[in-house]
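The primary structure of each chain is shown beneath.
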Amino acid sequence: MKNNTQTLNLPNDQSTWRFLLSEMKPRGKFLTPFNIISIPIILLGLGLIIIRFIKGIGSITNLTQDTPWGLWIGFDVVTGVAFAGGAYVITFMVYILNLKNYHSIVRVTVLNGFLAYVFYAGALLLDLGRPWHVINPVIGNSFGTSSVLFLVAWHFLLYMVAELIEFSPAIAEWLGAKRARKILSGMTLAAVIFGITLSTLHQSGLGALFLMAKGKIHPLWYSEFIPIMFFVSSTFAGLSMVIFEGSISHKVFSDQISEKNHHAQNGIIHKLSKICAGAMFAYFFLQLLVFIHEQHWGLLTTGMGYWYLLEMIGFVLIPMILFIISYRTFNITLTRVAAVMTMIGVILNRLNVAVIGFKWEMAIRYVPSWMEFIVTLAVIFTEIWIFRWVITRMPVLRDSPSWVNKNE
Amino acid sequence: MGLQRRSFLKLLGATGLTLAIGETTHASSPNIEEDAEFNGILYDSTRCVGCRTCEYECATAHQLPEPSDKIAAVRKTDETCNTVVNTFQTEKGEVYVKRQCMHCNEPACAAACLTKAMHKTKSGPVTWDGDKCMGCRYCMVSCPFDSPKFEYHSANPKIQKCDMCAERMKTEKSPACVFNCPNDALKYGKRRDLIKEARRRIYEKPELYVDHIYGEHEAGGTGWLYLSPVPFEQLGMNTSLQQSSYPELTKGFLYSVPSVFVLVPTLLLGIHQATKNNHLNQEEEDEK
Ligand code: SF4
Ligand code: SF4
Ligand code: SF4
């Protein structure tokens, strides 16, 4: 089943279509636990989205005039993009630092990043009141160039293209398009350089979005350094996602993975734990500096203060220490625990800036409605469906077909 | 192939630069001379009798529902009303305060808007353009006065806020609220003249006013200016706003964009070249 794609030579258009059609069909068992849970949620989510477009955003969300951005922006977009940061970090290590040891995880990470952008940034469309005008800032009808959001939106678009180029050799291998593959893989380095540059800017740009909300965001989370914080934390957020996703993929898709890469996996996770610890140390140190600089000691004993300490100590400092211990003791399980804790920390941080700490003093606080959660879950599940579809068809986790020149 | 790669890089660099430079030139602030010529409105709460005529007239002028008679303690503007008058019990008795969009000199909402739907017009009003707006609500997140309101229950939602009667001003001489105020609490004019007028009132009756024109410096200066008999925090006005403009807060970030676009790719390419040998070593290791 897997091997037929490798020798396919695409003699004419008709067979291409037949091939594509056959690839569209679902494979494997249908009634898996994941399917049983995800299908109803995706359907329900679709229904809710239809209601939302007929009756307005307020019909399924709890957003108010005081909290214009809720779960969809705070989690789907702001947090989702942070987790997609793994792609630029890993491509940096593989193509810029030439650390070929990590080569086996490049494709899956880039795929993950690409899909995250498509879906989570795509979720932005659901949140737009007048999405049919989204084209305005793209076609140059109306360029709001002084807007951070303009910058971020454009970078999302361009970065998706860059990631698609980075991933495209895998598509070419799947289709057996040898010439196309050669051209596309020749573009990889340029796409990587462009992509990393874009990532630096829009990861921090997501933080910069909140700079004008000075006074509305709790002072423990607001500082002029939000952009830097967002950028630094996106590195270990992305890598923790890589560790997390890799651990799951290696179980679920174990038939895809060659013996060699299977062994390499633990080594990679082990090394990533060290990088995570380093990045988190830098992040923690920065947060500490900002905290001392802003002299917020008095705020620590308030409710929000404890919440802040929980985030900083419980989900930054402690997972950082766990990463160090797991690196020293070669304890892969501990690395995974640390990765999950780090991810919780990143979720907390992004939500604290974008939602929880936003207008923290208000008597009636925004709490997402169950429908907002369902739509968010539906988005995530759909992404996983696509991810699974690609993994089982294209050479992402498994090795490239034999016709690919190894030394390229 | 090396050649191909290089020309592609050049192309990328060029695109990046245009995008980046476009951003800086536009990020610059409207110049100061111009701002002195903006039109504005002076609201004198010592003259306001709390009749709420302005609320009704504003609603009529904008085809909005008639304001409700139920007076909650402190009301806020919302998607169905652009202005509200609230009553506060203070040491000097009842004081009324009219609230609406402040028409900032350098509006955060306009800087935030990625489609330029929010826009500071040459004459002073900050207006919203439904043909451009995509409903992202970033203007609401950014506005220090929380003025823009969004129609959450519409399939074709609008952003609502005071537009200084931009439509009406094409034919009339003053906004609906100003024109209809029975007690001369509102005055429309050039912002510079209004500040002079406000100073004069404070100077002539220092016992009547606190010595503060709200809006002269708040958020970098606003089109609406306020006079009050009591300190403004007693009237529910935010007095902890910064004195410089809010778009200033993102300028540092936007200015850094071009340099990142130039420096980072160069740096990355440099590292890539420098670590090429590293790559060979690694391959050998792998092959073992
Ligand atoms: S008060 Fe708010 S909405 Fe009005 S001009 Fe200023 S920033 Fe814009
Ligand atoms: S909601 Fe409309 S007016 Fe407000 S920032 Fe977004 S596009 Fe601009
Ligand atoms: S200026 Fe016009 S829109 Fe603004 S409050 Fe007065 S009547 Fe309403």
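Residues numbered from 1 in each chain as written. Chains lettered and ligands numbered in written order. Predicted model: local features only at pLDDT ≥ 70, side-chain atom pairs only at ≥ 80, totals over all residues. Heavy atoms only, no water.

We now examine the overall build of chain A. On a plain count of helices and strands, chain A comes out with 15 helices and 0 strands. The C-alpha radius of gyration of chain A comes to 22 Å, within 12% of the 22 Å expected for a compact globule of 408 residues. With the C-alpha coordinates of chain A rotated into their principal frame, the extents come out at 70 × 55 × 45 Å. A burial count over chain A gives 58% of its 408 residues as buried. Taking contacts inside chain A between residues at least 6 apart in sequence as the whole, the part at least 24 apart equals 80%. Counting every atom, chain A has about 16,700 Å² of accessible surface; 71% of that belongs to carbon and sulfur. (Helix = DSSP H or I, 4+ residues; strand = E, 2+ residues; numbered from the N terminus. Rg over C-alpha atoms; globule rule 2.2 N^0.38 Å. Buried < 20%, exposed > 50% of the residue type's maximum accessible area, 1.4 Å probe, protein only. Contact = heavy atoms within 4.5 Å. Areas by Shrake-Rupley, 256 points an atom, 1.4 Å probe, with all protein chains shown as cover.)

Moving on: the nonpolar core. Ranked by size, the top nonpolar core spans 187 residues in total, and within it I90, F210 and L272 of chain A together with Y138, W224 and Y226 of chain B carry the most contacts. When near neighbours in sequence (up to four residues on either side) are disregarded, L272 of chain A contacts I90, M93, Y102, I105, L239, V242 and I243 of chain A. Among the nonpolar cores identified, the runner-up in size contains 9 residues, and I195, Y209, L225 and L227 of chain B belong to it. (Core = buried A, V, L, I, M, F, W, Y, C linked by side-chain atoms within 4.5 Å.)

Turning our attention to the sheet that holds strand 1 (residues 39-44) of chain B. Sheet strands associate in pairs through backbone hydrogen bonding, adopting either a parallel or an antiparallel arrangement. All names here are of chain B. If you trace the 3 strands from one edge of the open sheet to the other, you get 8-1-9, paired in mixed fashion. Each of the sheet's edge strands pairs with one partner strand only, and the pair in question is strand 8 (186-190) and strand 9 (224-227). Geometrically, the sheet is characterised by an average inter-axis angle of 25° between neighbouring strands, direction not taken into account. Across 4 bridges, the pairing between strand 1 and strand 9 is parallel. Across the sheet, I41 pairs through a bridge with W224, a residue of strand 9. Along the sheet face, helix 7 (residues 191-204) touches strand 1, strand 8 and strand 9 and points at about 135° away from the line of strand 8. (Pairing = 2+ DSSP bridges. Axes fitted to C-alpha atoms, helices over the stretch in contact; angles between N-to-C directions.)

Next up on the list: the pattern of salt bridges. Opposite charge on two side chains permits pairing when their charged atoms draw close. With the rule as written, the count across this model stands at 18 salt bridges over all chains. Between E173 of chain A and R107 of chain A there is a salt bridge, and its shortest N-O distance comes to 2.8 Å. Of this pair, E173 of chain A sits in helix 8 (residues 148-175) while R107 of chain A sits in helix 6 (residues 103-127), and the two are 66 residues apart along the sequence. Considered together, E173 of chain A and R107 of chain A belong to a single accessibility category, that of buried residues. For the salt bridge of K251 of chain B with E106 of chain B, the shortest nitrogen-to-oxygen distance reads 3.9 Å. Here E106 of chain B lies in the loop between strand 3 (93-99) and helix 4 (108-112) and K251 of chain B lies in helix 8 (residues 248-274), a separation of 145 residues in the sequence. Each member of the pair, K251 of chain B as well as E106 of chain B, is classed as buried. (Salt bridge = Lys/Arg side-chain N within 4 Å of Asp/Glu carboxyl O.)

To continue, consider the packing of aromatic side chains. To describe a pair of aromatic rings, one takes the distance between the centres and the angle between the planes. This structure, assessed with the given rule, holds 17 aromatic pairs over all chains. With a centroid separation of 5.4 Å and 15° between ring planes, the pair formed by W69 of chain A and Y138 of chain B is classed as stacked. You can see W69 of chain A sitting in the loop between helix 3 (33-55) and helix 4 (71-83) and its partner Y138 of chain B sitting in helix 5 (residues 138-142), one on each of two chains. Centre to centre, the rings of W174 of chain A and W389 of chain A are 5.8 Å apart; their planes meet at 75°, and the pair counts as edge-to-face. Here the residue W174 of chain A occupies a position in helix 8, and W389 of chain A occupies one in helix 15 (residues 370-393), the gap between them amounting to 215 residues. (Phe/Tyr/Trp six-rings, centres within 6.5 Å; stacked < 30°, edge-to-face > 60°.)

Turning next to the site of ligand 2. What surrounds ligand 2 is the set C113, T115, A117, M118, W128, C133, M134, G135, C136, R137, C139 and I159 of chain B. Partitioning the shell around ligand 2 into residue classes produces 9 nonpolar, 2 polar and 1 charged. (Near = heavy atom within 4 Å. Nonpolar A, V, L, I, M, F, W, Y, C, P; charged D, E, K, R; others polar.)

Time to look at the interface of chain B and chain A. Taken together, the contact between chain B and chain A spans 70 residues of the former and 73 residues of the latter. Approximately 6,300 Å² of surface area, both sides summed, lies buried where chain B meets chain A, with 63% of it carried by carbon and sulfur atoms. On the surface where chain B and chain A come into contact, there are 4 salt bridges. Residue K76 of chain B pairs with D66 of chain A through a salt bridge whose shortest N-O separation is 3.4 Å. (Buried area = accessible area lost by both parts, 1.4 Å probe.)

Further remarks concern the environment of T188 of chain A. Residues and elements named next belong to chain A. Tracing the backbone shows T188 in helix 10 (residues 188-208). By relative accessible area, which is 7% here, T188 ends up buried. Note: C-alpha distance between T188 and T91 (97 residues apart in sequence) is 9.8 Å. Residue contacts for T188: discarding those within four places in its chain leaves Y95 and P169.

Most peptide bonds are trans, and most residues other than glycine sit at a negative phi. Residue and element names in this part refer to chain B. One non-glycine residue, R52, lies in the positive phi region at around 65°. Inspection of the secondary structure puts R52 in the loop between strand 1 and helix 3 (53-61). The class for R52 is buried, based on a relative accessible area of 10%.

The subject of this paragraph is helix 3 of chain B. All names here are of chain B. Among all positions of helix 3, only C54, E55, C58 and A59 are buried. Angular distribution of buried residues about the axis of helix 3 spans 130°; they occupy a single face of the element. The inward-facing, buried residues of helix 3 contact strand 2 (84-90), strand 3 and helix 6 (176-180). (Arc of directions from axis to C-beta.)

For chain A, the average pLDDT comes to 88, and 94% of its residues sit at 70 or higher. Here residues 1-11 of chain A scores under 50 on pLDDT; set against residues more than four positions off or in separate chains, the count is 19 contacts. (pLDDT = per-residue confidence, 0-100.)

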